[in-house]
Amino acid sequence: MAAAGRRVLVGRIVGLYGVQGWLKIESWTEPRTQIFKYQPWLLEKAPGEVMEIAGVTGRPQGKGLICQLPGVDERDAAAALVGKDIHVARELLPPPARDEYYWVDLEGLEVVTTEGVALGRVSHLFATGANDVVVVRDGTRERLVPFVQGTYVRSVDLSGGRMVVDWDPEF
């Protein structure tokens, strides 16, 4: 599946800072201040309605990060943005290293066993601390497959839209 047009969740607006429209944010980039280099930000105003914001400035403040969005220069306007997720276009991110993947690139891949049994498609992934987990859905079942390359995940073919796993279809 092509990454074109995909959005990647990189952070969230979590609170207000001061009275001049500054916002507190969480960043899931590494390093966390990298979030300011990925612009424009895409914030969902309403379902299906995305606001594109370029020119965001920000800095570390205490244990967190703060930012100011262009045109948001008072507390009430900023308050309307608290709780919004911060997405960026997938194309803005650097290419992953060999055998590393952005989760968004794996979503939608067809998943088959090493014997060729179709299990469904990757719905999403989540982290457990020990390893990431691939959620595979086929319309009637949901399977949780540990994303452990070499053990359970045998191959990932992004251009072919397929992931091969060593997994019992009955599990």
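Quick caveat: nothing in here was measured; it's all calculated off a predicted structure.

**Q** Which residues make up the nonpolar core, and what values do they have?
**A** Residues I25, I35, F36, W41, C67, L69 and I86 are the most contacted members of the largest nonpolar core, which totals 22 residues. One finds V122, L125, V153 and M163 within the second-largest nonpolar core, a separate group that totals 15 residues.

**Q** Residues and numbers for the sheet that holds strand β13 (residues 162-165), please.
**A** Two orientations exist for strands paired in a sheet by backbone hydrogen bonds: parallel and antiparallel. Spatially, the six strands line up as an open sheet ordered β11-β10-β9-β8-β13-β12, and their pairing is mixed. Pairing within the sheet leaves two strands with one partner each, and these edge strands are β11 (142-146) and β12 (153-157). In this sheet, adjacent strand axes meet at a mean angle of 35° when their direction is disregarded.

**Q** Provide a residue-level description of unusual backbone geometry, including the pertinent values.
**A** Glycine aside, a negative phi is what most residues show, and trans is what most peptide bonds show. E30 connects to P31 through a cis peptide bond whose omega is -5°. Structurally, P31 can be placed in the loop between β2 (22-27) and β3 (41-46). With an omega dihedral of 10°, the bond running from Q39 to P40 counts as a cis peptide bond. Within the fold, P40 resides in the loop between β2 and β3. In this structure, D99 takes a positive phi of about 65° despite not being glycine. Its location among the elements puts D99 in the loop between β7 (85-89) and α2 (103-106).

Rules of the game
- Residues numbered from 1 in each chain as written.
- Predicted model: local features only at pLDDT ≥ 70, side-chain atom pairs only at ≥ 80, totals over all residues.
- Heavy atoms only, no water.
- Core = buried A, V, L, I, M, F, W, Y, C linked by side-chain atoms within 4.5 Å.
- Buried < 20%, exposed > 50% of the residue type's maximum accessible area, 1.4 Å probe, protein only.
- Pairing = 2+ DSSP bridges.
- Helix = DSSP H or I, 4+ residues; strand = E, 2+ residues; numbered from the N terminus.
- Axes fitted to C-alpha atoms, helices over the stretch in contact; angles between N-to-C directions.

From the geometry alone we can't say anything about function, so treat these as descriptive.
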